[in-house]
Amino acid sequence: MHRAVLDSNAIDPIADNAGAYEAVRAAIDDGRLQLLCTHVSIDELCEIPDVKRRARLILLLVALGELVSTGAVVNDHSKLNFCRLIDNDDVNVMAELRSGNIRHTRDALIAATARYENASLITNEHRLTRRAREQGIEVLTPRELLDEVGFSV
């Protein structure tokens, strides 16, 4: 079974391509795929100004993903009971994932979750992809995930 953590931008191709949801759902139901998500992805989707788009993406994310705690905790970003405490080594990993920029904290939390869960990270974010791979995290684009479940975009 392939386990993967979804970044908030990874749900768009599933929402925007007819049949993609069904292909992903079938892979989950068949036990070939387990998708995980965090409160961070939900929080990011909640910021989408278009109400219909926001609702659609959030519904798809929670329909496909299992909510797990983030792989780290960061003040002013993490939600109590939805995060994990980390040791000193993981603090250094978080710093690398953020590349010294506090604005990358959300992305770093999602990547840290993939690392903690020993899962792939599914994202379209190029900088996050590079930083995650440097930390030994497997990264796939949403298109690669769809290819894996037998859906061609």
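Quick caveat: nothing in here was measured; it's all calculated off a predicted structure.

Visitor: How should the overall build of the protein be read in this particular structure?
Guide: Along the backbone of the protein there are eight helices and five strands. For the protein, the residues scored as buried account for 48% of the 153 residues in total. Contacts spanning at least 24 positions in sequence make up 65% of the contacts within the protein whose residues lie at least 6 apart. Counting only carbon and sulfur atoms, one obtains 48% of the accessible surface of the protein, whose full area is about 7900 Å².

Visitor: Is there a simple way to explain helix α2 (residues 20-29) in this structure?
Guide: Think of an α-helix as 3.6 residues a turn; residues three or four steps apart then line up on the same face. Within α2, burial applies to Ala20, Ala23, Val24, Ala27 and Ile28. Buried residues along α2 cover an arc of 135° about the axis, so they all sit on one side. Structurally, α2 contributes buried residues whose contacts are with α1 (12-16), β2 (33-37), α4 (51-64) and α8 (142-148). Directly after α2, the chain includes Gly31, whose backbone phi takes a positive value near 80°.

Visitor: Please clarify how a negative patch on the surface should be interpreted in this entry.
Guide: Residues Glu138, Glu144, Asp147 and Glu148 make up a contiguous surface patch of negative charge. By the secondary structure assignment, Asp147 is in helix α8. By relative accessible area, Asp147 is classed as partly exposed at 45%.

Visitor: Whenever I open this one, the pairing of β2 confuses me. Can you help?
Guide: Regular strands place their side chains on alternate faces of the sheet. When you tally the buried positions in β2, you get five out of five residues, the bulk of the element. Residues Leu33, Leu35 and Cys37 point to one face of β2 and Gln34 and Leu36 to the other, with burial holding for every one of them. When strand β1 (residues 2-6) meets β2, the two strands line up parallel, connected through four bridges. Bridging from a neighbouring strand, Arg3 pairs with Gln34 of β2. Where β2 meets strand β3 (residues 65-67), three bridges bridge the pair, whose relative direction is parallel. Following the sheet pairing, Cys37 is matched in β3 by Leu67.

Visitor: Where do I start with the side chain of Ser120 in this structure?
Guide: Relative to the elements of secondary structure, Ser120 occurs in strand β4 (residues 120-122). Looking at Ser120, the relative accessible area reads 2%, which means it is buried. Within the structure, the side chain of Ser120 is placed 2.5 Å from the side chain of Glu138, a separation counted as a polar contact. Apart from the residues within four sequence positions on either side, Ser120 is in contact with His2, Arg3, Ala4, Val5, Ala114, Glu138 and Leu140.

How each quantity is defined
All chains use their own residue numbering, which begins from 1 and follows the written sequence. The predicted nature of this model means local features are confined to residues of pLDDT at least 70 and side-chain atom pairs, given and counted, to a pLDDT of 80 or more, with totals for whole chains, interfaces and linings taken over all residues. Hydrogen atoms and water are omitted, and side-chain values are computed over all heavy atoms in the structure. Comment: elements are numbered from the N terminus, with helices defined as DSSP H or I runs of at least four residues and strands as E runs of at least two. Between buried and exposed lies partly exposed: a residue is buried under 20% and exposed over 50% of the maximum accessible area for its type, with that area taken using a 1.4 Å probe on protein chains only. Here a residue-residue contact requires only that any non-hydrogen atoms of the pair lie within 4.5 Å. To measure how exposed things are, a 1.4 Å probe is used in the Shrake-Rupley method; for residues, cover is taken only from the protein chains shown. The arc under discussion is defined with respect to the helix axis, by the directions toward the C-beta atoms. By definition, no residue in a patch forms a salt bridge, and every one has over 30% relative accessible area; like charges are joined within 9 Å, nonpolar side chains (Val, Leu, Ile, Met, Phe, Trp, Tyr) within 5 Å. Each reported salt bridge corresponds to a side-chain nitrogen of Lys or Arg within 4 Å of a carboxyl oxygen of Asp or Glu. Here the positive residues are Lys and Arg and the negative ones are Asp and Glu; neither His nor the chain ends is included. Taken as the charge centre is NZ of Lys, CZ of Arg, CG of Asp or CD of Glu, depending on the residue. Two strands pair under a simple rule: DSSP has to find at least two bridges between them. Counted as a polar contact is a pair of N or O atoms within 3.5 Å, where, for protein atoms, one must be capable of donating a hydrogen and the other of accepting one, and residues adjacent in sequence contribute only when both atoms are in side chains.

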